[in-house]
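# Fold and geometry: a report
Now for the letters of each chain:
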Amino acid sequence: MKIASRYTFRRATVDDLNPLLDWQAQPDVREWWDTTEPSHAKDFDDARVVRCIVGLGDQLIGYMQDYTVHGWDDHHFRDLSKGSRGIDQFIGELTMTGKGHGPSFIAQRLQTLFEEGAPVVATDPHPNNRRAIAAYKKAGFKKFRPAEKTPWGLVLPMAVYP
């Protein structure tokens with residue numbers, strides 16, 4: 001099913017670093033986004049990761065990244081098919097949370113990733129992050145393994161197929 005293009009996904013650049021760091025410093029984001037990445041200019045040079053600023057109309061509302069799950073030897077999704085992508089995101093403008101934007105922009109981005117050939121897209125929220133898990137389920141994700149410890153912390157592996 002074709003999803004309307006309501007959101008924009010602009011490649012993040014080093015010029016976005018200060019707004020990103022401001023968003024990441026907010027307690028509601030910090031609780032689950034337990035890294036400051038991207039936090040340095042060199043982070044934007046990592047070809048394994050596509051970093052985007054999410055917009056709605058003229059307002060920038062969040063951050064989303066997708067990455068090759070085979071870009072790290074120890075990645076917990078390395079057993080997925082070649083071409084698989086992983087995603088992470090957060091809504092940085094807290095006035096935009098709780099309004100359905102997360103599942104909507106995730107679904108829109110998934111459509112693009114599948115059109116580009118991804119055989120599966122996976123994500124890994126913390127098992128206690130009920131809000132993120134609900135958003136992922138609304139976007140079509142399903143748990144495909146029990147919670148597991150990874151180099152990035154405790155995660156609940158979820159995936160969606162085209």
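To be clear, the structure that these remarks concern was listed above.
A brief look at the structure comes next. (Residues numbered from 1 in each chain as written. Predicted model: local features only at pLDDT ≥ 70, side-chain atom pairs only at ≥ 80, totals over all residues. Heavy atoms only, no water.)

### A closer look at the overall build of the chain
So the rule is basically this: For the purposes of this entry, the term helix denotes a DSSP run of H or I that reaches at least four residues, the term strand denotes a run of E that reaches at least two, and both are numbered from the N terminus. We compute the radius of gyration from the C-alpha atoms alone; for a globule the expected value is 2.2 Å times N to the 0.38, where N is the number of residues. Exposure classes here rest on a 1.4 Å probe applied to the protein chains alone. A residue is buried below 20% of its type maximum, exposed above 50%, and partly exposed in between. Pairs of residues are marked as contacts when any of their non-hydrogen atoms sit within 4.5 Å. None of His or the chain ends enter the tally, which takes Lys and Arg as positive and Asp and Glu as negative. Charge placement uses NZ in Lys and CZ in Arg. For Asp and Glu, CG and CD serve respectively.
Along the chain, the regular secondary structure elements total 4 helices and 9 strands. Beginning at the N terminus, the succession of helices and strands in the chain can be written as β-α-α-β-β-β-α-β-α-β-β-β-β. Taking 15 Å as the expected radius of gyration for a compact globule of 162 residues, we find that the chain reaches 15 Å, a close match to that expectation. Put simply, the chain has 162 residues, and 48% of those count as buried. If you take every contact in the chain between residues at least 6 apart in sequence, the share linking residues at least 24 apart comes to 59%. Within the chain, the 21 negative side-chain charges are centred at a point lying 7 Å from the centre of the 21 positive side-chain charges.

### A few points about the pattern of salt bridges
Applicable threshold: Throughout this description, the term salt bridge denotes a Lys or Arg side-chain nitrogen within 4 Å of a carboxyl oxygen of Asp or Glu.
If you walk through the whole model with that rule in mind, you get 7 salt bridges. The salt bridge partner of Lys42 is Asp43, with a shortest N-O separation of 3.8 Å. With a relative accessible area of 58%, Lys42 lands in the exposed category. Residue Arg145 is joined to Asp79 by a salt bridge in which the shortest nitrogen-to-oxygen separation is 2.9 Å. Here Arg145, found in the loop between β6 (142–143) and β7 (148–150), pairs with Asp79, found in the loop between β3 (59–68) and β4 (85–91); they are 66 residues apart in sequence, far enough to count as distant.

### Observations concerning the nonpolar core
Operational definition: The set of buried Ala, Val, Leu, Ile, Met, Phe, Trp, Tyr and Cys residues whose side-chain atoms join them within 4.5 Å is what this entry labels a nonpolar core.
Judged by nonpolar contacts, the single largest core of 23 residues is most densely connected at Ile87, Phe105, Ile106, Leu110, Val121 and Phe141. Looking at this core, the elements with two or more residues in it are β2 (49–56), β3, β4, α3 (101–115), α4 (130–138) and β9 (158–160).

### Focus on the side chain of Gln108
For the record, the criterion: In protein, a polar contact means a hydrogen-donor-capable atom and an acceptor-capable atom, both N or O and within 3.5 Å, with residues adjacent in sequence counting only if both atoms are side-chain atoms; elsewhere, any N or O pair within 3.5 Å suffices.
Relative to the assigned elements, Gln108 resides in helix α3. Classification of Gln108 as buried rests on a relative accessible area of 7%. At 2.6 Å, the side chain of Gln108 forms a polar contact with the backbone oxygen of Tyr7.

### Description of the environment of Thr95
For Thr95, the location among the structural elements is in the loop between β4 and α3. In this structure Thr95 comes out as exposed when scored by relative accessible area, which is 55%. C-alpha of Thr95 to C-alpha of Ile61: the two residues are 34 residues apart in sequence and 9.0 Å apart in space.

Note that all results are geometric; they support no functional claim without further evidence.
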